[in-house]
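Below, each chain spelled out in residue letters.
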Amino acid sequence: MPASYPHLPVLYHEIILALRPRREGYYVDGTLGAGGHAAGILEVSEPDGRLLGMDLDPQAVWIARQRLAPFGQRAVIVQASYTCLREQLEVLGWQAVNGILLDLGVSSMQLDTPERGFSFQSDAPLDMRFDPANPVTADELVNSLPENDLADVIFRFGEERRAYQVARAIVRSRPIHGTSQLAEIVARATRGGRPGFHPATRTFQALRIAVNRELEALETVLPLAVGALAPTGRLAVIAFHSLEDRIVKHYFRQESQDCICPPRQAVCTCGHHASIREITRHPIQPSEAEINTNPRARSAKLRIVEKI
Ligand SMILES: C[S@@+](CC[C@H](N)C(=O)[O-])C[C@H]1O[C@@H](n2cnc3c(N)ncnc32)[C@H](O)[C@@H]1O
């Protein structure tokens, strides 16, 4: 696994083991990033395994295109949301695929490019868009949402207990135009917090999720991904916070059951049939060694299912 790219793929070996890439196989990486996992899938599925790589971020697409160029036409790369999976597969004429990866959230390249506004480590405009064509920026949310709506975003998507104090402090300090200014306001409103954990972490996460409508996208893609898998094909999802992981876990649990009637109902009326089987009852997490080399991997949780 080459480490010379600006994002180290998380749980790389576990993803390769999960998806079992093979010759003649068809794969999708819905969150291409710098193409680290995608390169692995293409290498292991030599000589003719194929991969569709998607990312909302044109910079990621550009980097991944360079990285995957040696694989020629085996790699098809598009700048699109993974929620357009079905349309993209139709364009390619791929009926079903053998493996799909979703490595959710933000990449190191995005975090480490100050002008993208994802990080409070350096001062930058409040942007946070994966796709620069998205009409909503973090600046707009921070400076125009009514206080209650802002508090709701920070509470729901950041799980910030002091969401109302934070929202009030933001509204009182408007206009806010930079990541440092916002981080300071949040730090003052939350007064301290856990050592080693910046008090603005939750608020920044909340704004990023809201700007990119990340949870809606995840809820949309899971059934599309399961629908796109060939029998025995696998879907692997890496989540980085509990909101994402909860959605993945519930969906996988529900779709791996034959009946989803309420537990107290004596006779089944739902007509539901399991479409997947869970390969991981409990999520796979990175080893200490991986966290030491790549601290950003520390909150990763990988869940894998197989199409029946
Ligand atoms: C954690 S990174 C993926 C890193 C990648 N696996 C690698 O090895 O380099 C997540 C990527 O998903 C992209 N992304 C987020 N939401 C997306 C969506 N709805 N559709 C497509 N890509 C998305 C982000 O732009 C980011 O590049």
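These figures come from a predicted structure and were not determined experimentally. (Residues numbered from 1 in each chain as written. Predicted model: local features only at pLDDT ≥ 70, side-chain atom pairs only at ≥ 80, totals over all residues. Heavy atoms only, no water.)

(A) Focus on the nonpolar core. Within the largest apolar cluster, 66 residues are counted, with the highest numbers of intra-cluster contacts made by L85, I100, I170, L182, L222, L235 and F252. The residues touching I170, leaving out its near neighbours within four places in the chain, are V142, L150, I154, I176, L182 and I185. A18, L19, Y27 and I77 belong to the second largest nonpolar core, which has 27 residues in total. (Core = buried A, V, L, I, M, F, W, Y, C linked by side-chain atoms within 4.5 Å. Buried < 20%, exposed > 50% of the residue type's maximum accessible area, 1.4 Å probe, protein only. Contact = heavy atoms within 4.5 Å.)

(B) Here's a closer look at the site of the ligand. The ligand sits among 23 residues. The nearest are H37, D55, Y82, D103 and Q110. Between S81 and the ligand, the recorded distance is 3.2 Å, taken from a side-chain N or O atom to a nitrogen atom. Here a nitrogen atom of the ligand and a side-chain polar atom of D103 are 2.7 Å apart. When the ligand sits alone it has 610 Å² of accessible area, and the protein chains cover 98% of it. When its residues are assigned to classes, the shell around the ligand shows nine nonpolar, 11 polar and three charged. (Near = heavy atom within 4 Å. Polar contact = N/O pair within 3.5 Å; in protein donor to acceptor, adjacent residues only side chain to side chain. Areas by Shrake-Rupley, 256 points an atom, 1.4 Å probe, with all protein chains shown as cover. Nonpolar A, V, L, I, M, F, W, Y, C, P; charged D, E, K, R; others polar.)

(C) Summary view of the layout of surface pockets. Volume-wise, the second largest pocket comes out at about 260 Å³. Lining the second largest pocket are 15 residues, and of these F157, I209, A210, R213 and E216 lie nearest its centre. Elements with a minimum of two residues in the lining of the second largest pocket: α7 (147-158), α10 (201-212) and α11 (214-228). For the lining of the second largest pocket, a count of residues per class yields 10 nonpolar, one polar and four charged. (1 Å grid on protein atoms, 1.4 Å probe; cavity = no way out; pocket = protein on both sides within 12 Å on 5 of 7 lines; lining within 4 Å. Points joined across faces, edges and corners; volume = space filled by probe spheres on them. Helix = DSSP H or I, 4+ residues; strand = E, 2+ residues; numbered from the N terminus.)

(D) Structural detail: helix α4 (residues 85-92). Among the residues of α4, those classed as buried are L85, Q88 and L89. All buried residues of α4 fall inside an arc of 100° around its axis, so they share one side. When the buried face of α4 is taken as reference, the exposed residues oriented beyond 90 degrees from it are R86, E90 and V91. Phi for G93, located one or two positions after α4, is positive at around 75°. (Arc of directions from axis to C-beta.)

(E) Summary view of the packing of aromatic side chains. Taken as a whole and judged by the stated rule, the model has three aromatic pairs. For the pair Y26 and W94, a centre-to-centre distance of 4.8 Å together with 75° between the ring planes defines the contact as edge-to-face. Of this pair, Y26 sits in strand β1 (residues 26-29) while W94 sits in the loop between α4 and β4 (97-103), and the two are 68 residues apart along the sequence. Looking at Y26, the relative accessible area reads 29%, which means it is partly exposed. Accessibility expressed as a relative area gives 8% for W94, which makes it buried. When the centroid spacing of 5.1 Å and the interplanar angle of 85° are considered together, the rings of F120 and F204 count as edge-to-face. One end of the pair, F120, is in the loop between α5 (108-111) and α6 (138-144); the other, F204, is in helix α10, with 84 residues separating them in the sequence. For F204, a relative accessible area of 3% translates into the label buried. (Phe/Tyr/Trp six-rings, centres within 6.5 Å; stacked < 30°, edge-to-face > 60°.)

(F) Summary view of the packing of α7 against helix α8 (residues 163-173). In the contact formed by α7 and α8, the axes pass within 8 Å of each other and the chain directions differ by 135°. Classified by the interaxial angle, the pair formed by α7 and α8 is oblique. When the axes of α7 and α8 are compared, the crossing they make is right-handed. Contacts between α7 and α8 pair E147, N148, L150, A151, I154 and F155 from the former with A163, Y164, V166, A167, R168, I170 and V171 from the latter. Split by residue class, the contact of α7 with α8 holds 10 nonpolar, one polar and two charged. (Axes fitted to C-alpha atoms, helices over the stretch in contact; angles between N-to-C directions. Parallel < 35°, antiparallel > 145°, perpendicular 65-115°, else oblique. Left-handed = near helix turned anticlockwise from the far one by under 90°.)

(G) Up close: α11. The end-to-end C-alpha separation of α11 is 21 Å, in line with the 21 Å expected for 15 residues at 1.5 Å each. The largest bend in α11 is about 25°, located at V221, with the proline P223 one to four residues further on. Residues E214, L215, A217, L218, V221, L222, L224, A225, V226 and A228 constitute the buried set of α11. (Expected span 1.5 Å × (residues − 1). Bend = angle between axes of the 7 residues up to and from the residue.)

(H) The arrangement of unusual backbone geometry in detail. The amide bond that connects E46 to the next residue, P47, takes the cis arrangement and shows omega of 5°. The topology assignment puts P47 in the loop between α2 (36-44) and β2 (50-55). Note the cis peptide between R174 and P175, where omega equals 0°. Counting through the fold element by element, P175 comes out in the loop between α8 and α9 (179-190). Non-glycine residue M128 carries a positive phi angle of around 70°. Of note, M128 is situated in the loop between α5 and α6.

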